[in-house]
Amino acid sequence: NADTHGRPGKPQGVGARVPRKEDARHLHGKGNFVADMAMPGLCEVAFLRSPLAHARIASVRVAEQIADKAFVRQAMADARDIVADSTLPSYQVSAQPPLASGKVRFVGEPVAMVFAPTRAEAEDYAELIEVDYDDLPVYPDVVSAQAAQGDFVHEEWRDNVFVTLNVDKQFDELAAQADVVVRRKIDLSRQCMVPMEGKAVLAYWDHQADQLVVVSATQVPHMIRSVLAQCLDLEQGRVRVVSPDVGGAFGYKCVLQQEELCVAWLAKTFKKPFRFIEDRREHLTAGANSREHHYEMVAYADRRGKLLALDAKITIDGGAYSVWPFTIGLEPGQAIGNLPGPYAFKGYRCVTRAVATNKPGFVPYRGVARTGVCFAIELTMDAIAREVGREPWEIRQENLVQGEQMPYVNVTGKHLDSGDYPASLQQAMDMIGVDAIRERQRQGEADGRLIGVGLATYTEQAAHGTSVFAAWGTPVIPGFDQATARVTPDGGLELRVGVHSHGQGMETTFAQIANEILGVDVASIKLLHGDTGQTPFSTGTYASRSLVMSGGAVSQACKRLLPRLTHIGAHLLQADPASVAWNGDRLEAGGKSVSVKDVADAWYLRPQLLPPDVDPSGLEVTVGYKPKVDTGCFTYATHAAVVAVDPGTGGVEILDYVVVEDCGTMINPMVVEGQTIGGVAQGIGTAFYEETPYDENGQPLASTLADYMLPGATEVPNMRLHHFETPSPHTEFGAKGMGEGGAIAPPAVLFNAVNDALRPLGAAELLRTPLSPTRVLAAIAQGSRQ
Ligand code: MCN
Ligand code: SMO
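Our subject in this report is the structure included herewith.

Here is what the cut-offs are and how they apply
- Residues numbered from 1 in each chain as written.
- Chains lettered and ligands numbered in written order.
- Predicted model: local features only at pLDDT ≥ 70, side-chain atom pairs only at ≥ 80, totals over all residues.
- Heavy atoms only, no water.
- Helix = DSSP H or I, 4+ residues; strand = E, 2+ residues; numbered from the N terminus.
- Rg over C-alpha atoms; globule rule 2.2 N^0.38 Å.
- Buried < 20%, exposed > 50% of the residue type's maximum accessible area, 1.4 Å probe, protein only.
- Contact = heavy atoms within 4.5 Å.
- Pairing = 2+ DSSP bridges.
- Axes fitted to C-alpha atoms, helices over the stretch in contact; angles between N-to-C directions.
- Near = heavy atom within 4 Å.
- Polar contact = N/O pair within 3.5 Å; in protein donor to acceptor, adjacent residues only side chain to side chain.
- Areas by Shrake-Rupley, 256 points an atom, 1.4 Å probe, with all protein chains shown as cover.
- Nonpolar A, V, L, I, M, F, W, Y, C, P; charged D, E, K, R; others polar.
- Phe/Tyr/Trp six-rings, centres within 6.5 Å; stacked < 30°, edge-to-face > 60°.
- Lys NZ or Arg CZ within 6 Å of the ring centre and 35° of its normal.
- Right-handed = clockwise from strand over helix to strand, strands pointing away.
- Core = buried A, V, L, I, M, F, W, Y, C linked by side-chain atoms within 4.5 Å.
- Lys, Arg positive; Asp, Glu negative; His and termini not counted.
- Salt bridge = Lys/Arg side-chain N within 4 Å of Asp/Glu carboxyl O.

### What to know about the overall build of the chain
- Within the chain one finds 19 helices and 28 strands.
- Scaling as 2.2 N^0.38, a compact globule of 786 residues should have a C-alpha radius of gyration of about 28 Å, and the chain matches this with 27 Å.
- Based on the C-alpha atoms only, the size of the chain along its principal axes is roughly 90 × 75 × 50 Å.
- Here the chain holds 786 residues, and 63% of them are scored as buried.
- Intrachain contacts of the chain at a sequence separation of at least 6 include 80% that bridge at least 24 residues.

Encoded structure:
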């Protein structure tokens, strides 16, 4: 196949640019999403949501007319609250009721639910519920929340702090040796994730299996089964969770959402089908938020800009509830551990705190805390370069962990496994042409705009093991996975995995892994995923773990099948098993050959042809896999950009964007590129557009896509991608996870580029996302006042 660029003999194997199998169904409108499903008697659910950010519920009156279809928390007495517990010592638990109980903690919190044959009717009914509230003091931000003396977001708590983490590694000793000290306050604003499809869940009772079936747009079907069984007091065997096609997930769908629990409760209680589809306004106002980190950075460096020690205070706005299963501990845990990024400094002091406020809960979002820490450390690197009067890439080259130091254990104990960080920086500098940009800046632009160049290097820890999640206080997450592989009667292959593909292309890439080992045509390989009734257990897809864990298990399962196929095949050929060899999906000996299909045919239909000592386990196996180490693998990349800033309007245009990334061996470079480009688009959103502002009463100010801005096709430039392929020493094929990486660096790169462009004007540095034209103009104005 000419357009796959596979290796000779393996045109569809590891490394081939196989077009995505899943695309045809989506491009032809044949996807199967929760909202597409029809079912006799299906009722749609609408939620009445809190109009206030923090208030006691004084009374609720439900009109007689809807008494049999409207529910408040008390009516769901047999359902338990969602409790995301953590083993972190300072952690305070925030039980999240499926519907608000006693008080409301953010605008948009569900207070009651109503069902009807259509959503419109259900919404009309919801208006027949009256709720009286008594105001409580509102904590719309981390400052007011930390100042509170009582009336905490969770009344039984000692203060409004979910969790505090500390680290101190040789800080005083190394900071004392510094020649320069650089201080910056750096902020990332709160934002949403805005997948094309919001939350979506349909639940019904399967009378034949006597089982609750929950069809949910989720990344983690088995986890949802566990928690729903727990909250609804059902045996796990009486709950089946199916995740069909999902229209983007990005972390938003890796946690239990309270609406999922409500709809599942309705189905369990009434033994009928119910569905909830989140609308855009609900997503933007009540859906979970992300990214809001506040940094106080103090960097201690020598005269040449070599970072000796870093002192950081990180405050994360955790919103009202800690989400299940990851908990809010994930965010400070990742932030404190990953802030040093790819750098080799040895002195580190950091306190990281997640604070409860009256906003929706904080959910993992593509890149998780690493987008925040990359922004903080990379803006600080540029600030150090300014301070010591050197180029930002020069000081980075000297501060990065060097290629010959690999593998390297950094200041926070991260096991950086392989690669050459300075080489990726050099490659990005060459591609973007830093010297030519400096020359162009000296010449000036004919149109009066100012150009600037920015870059950032980061590590993307992926496929973390059991101990890593345990250290973040979430002991339920293992560093392994299983896969089932079955040769089908017609010589195809069925793969079953517990992770979920919702755009990452696993239906193709996992088939390529199987093809690499068994030679079966990718078109004849089917991936079954996202159904607790059909796949091995898995905690699901997040943390860019699916390829390494489940892909590794697919590889192991196929390797386990191979000798069984060979044994039967050699018997069919009447050849000595030592003299046979596979060529694609054909087993050859002495000029004769049989195919995988011939072997399957013998196994399923002609047992008299099988060898007498045939393994009765047959052509199906379930095998687990775990990487050689538990510490995860570290993909890394350098992104660089050139921007043009219009000092009259504050408008910014991205003129060039390059990515040099290394995720070890690529299973499918085209999929890797698609993942990277999609991630960068989201990163551009964080950098320039996306923000969910709240007023002092905790009211969300962006509730439609007219005031919550997203980058469109015209805001995302064509980017140039370059790959290094340094195999991971720890994983199958040497592949590392990379699904989040694209979204990590863009805010850092683009802010550094804009700040570089504005330097000739003496403008104040821009240090807070998003970088709107108004903020650019304010920075210019502030500079001219000084
Ligand atoms: N891949 C590859 N070679 C590698 C690494 C990855 O070919 N060396 C391929 C994999 O086979 C897979 C894809 O790239 O097809 C991503 O793999 P991986 O890095 O294992 O990430 P996951 O499959 O676990 O996906 C999760 C990750 C996360 S955590 C978020 S958030 C995210 C992301 O992926 N959400 C996404 N990418 C997304 N892409 C889409 N379209 N939609 C989302 O919701
Ligand atoms: S935010 Mo991705 O689901 O880890």
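Text resumes after the structure shown.
### Details of the sheet that holds strand E28 (residues 720–724)
- Spatially, E18-E26-E27-E28 is the arrangement adopted by the 4 strands of the open sheet, whose pairing is mixed. The two strands at the open ends of the sheet, each matched to only one other strand, are strand E18 (450–462) and E28. Geometrically, the sheet is characterised by an average inter-axis angle of 15° between neighbouring strands, direction not taken into account.
- Judged from the 13 bridges that link them, E18 and strand E26 (residues 633–645) form a sheet pairing that is antiparallel. Across the sheet, residue Leu 450 finds its bridge partner in E26, namely Val 645.

### Regarding the site of ligand 1
- In the region of ligand 1, 32 residues are neighbours, and Ala 249, Gln 504, Ser 546, Gln 675 and Met 738 sit closest.
- Take Leu 547: an N or O atom from its main chain is 2.9 Å from an oxygen atom of ligand 1.
- Protein coverage of the free-state accessible area of ligand 1, which is 840 Å², stands at 96%.
- Listed by contribution, the elements that provide at least two residues to the shell around ligand 1 are helix H14 (506–518), helix H15 (546–573) and helix H17 (669–689).
- Here the element with the most residues in the shell around ligand 1 is H17; it accounts for 3 residues.
- By residue class, the composition of the shell around ligand 1 is 13 nonpolar, 15 polar and 4 charged.

### Some remarks on the packing of aromatic side chains
- In total, this model carries 19 aromatic pairs according to the counting rule given.
- Among the aromatic side chains, those forming a connected cluster through ring pairs are Phe 71, Phe 115, Trp 265, Phe 270 and Phe 274.
- For Lys 69, the ring lying beneath its charged end belongs to Tyr 125, and the centroid distance is 5.2 Å.
- We note Lys 271 situated over the ring of Trp 205; from NZ or CZ to the ring centre the distance is 4.4 Å.

### Examining unusual backbone geometry
- Note the cis peptide between Met 406 and Pro 407, where omega equals -10°.
- By the secondary structure assignment, Pro 407 is in the loop between helix H10 (392–399) and strand E16 (408–409).
- A cis amide bond links Thr 769 to the next residue, Pro 770, at an omega of -15°.
- Mapped onto the elements of the fold, Pro 770 is located in the loop between helix H18 (746–758) and helix H19 (773–785).
- With a phi angle near 45°, Gln 170 is a residue other than glycine that sits in the positive phi range.
- By secondary structure assignment, the location of Gln 170 is in the loop between strand E7 (161–169) and helix H4 (171–175).
- Looking at Gln 170, the relative accessible area reads 43%, which means it is partly exposed.

### Considerations on the sheet that holds strand E4 (residues 103–104)
- Within the open sheet, the 3 strands sit side by side as E4-E2-E6. Their pairing is antiparallel. Single-partner strands in this sheet number two, and they are E4 and strand E6 (129–135).
- Two strands pair when backbone bridges link them, and strand E2 (residues 55–62) and E4 are joined in this way by 2 bridges, in the antiparallel orientation. Within E4, the position partnered with Ala 55 by the bridge is Val 104.

### Side note on the pairing of strand E20 (residues 493–497)
- Among the 5 residues that make up E20, 5 are buried, leaving the element largely enclosed by the rest of the structure.
- Pairing analysis gives 5 bridges linking strand E19 (residues 481–487) to E20, with the strands arranged antiparallel. Pairing of Arg 486 across the sheet is with Glu 494, part of E20.
- The loop that links E19 with its antiparallel partner E20 comprises 5 residues; one of these, Gly 491, has a positive phi angle of about 85°.
- Running through H14, the crossover from E20 to the neighbouring parallel element strand E21 (residues 525–529) is right-handed.

### Overview of the nonpolar core
- Met 113, Leu 212 and Leu 339 are the most contacted members of the largest nonpolar core, which totals 170 residues.
- Here Leu 212 is in contact with Ala 203, Tyr 204, Trp 205, Leu 232, Leu 234, Arg 238, Val 239, Arg 240, Ala 264, Ala 267 and Lys 268, once residues within four sequence places are set aside.
- By size, the runner-up hydrophobic cluster in this structure holds 39 residues, among which are Val 18, Val 499, Ile 513 and Val 623.

### Let's talk about the side chain of Glu 460
- For Glu 460, the location among the structural elements is in strand E18.
- Despite its burial, Glu 460 pairs with no opposite charge; the closest candidate is Arg 370, at 5.1 Å N-O.
- Among the polar contacts made by the side chain of Glu 460, one reaches the side chain of Ser 544 at a distance of 3.4 Å.
- Here Glu 740 takes part through its backbone nitrogen, which lies 3.0 Å from a polar atom of the side chain of Glu 460.
- The contact partners of Glu 460, leaving out residues within four places of it in the chain, are Arg 370, Ser 544, Cys 633, Phe 634, Thr 635, Gly 737, Met 738, Gly 739, Glu 740, Gly 741 and Ile 744.

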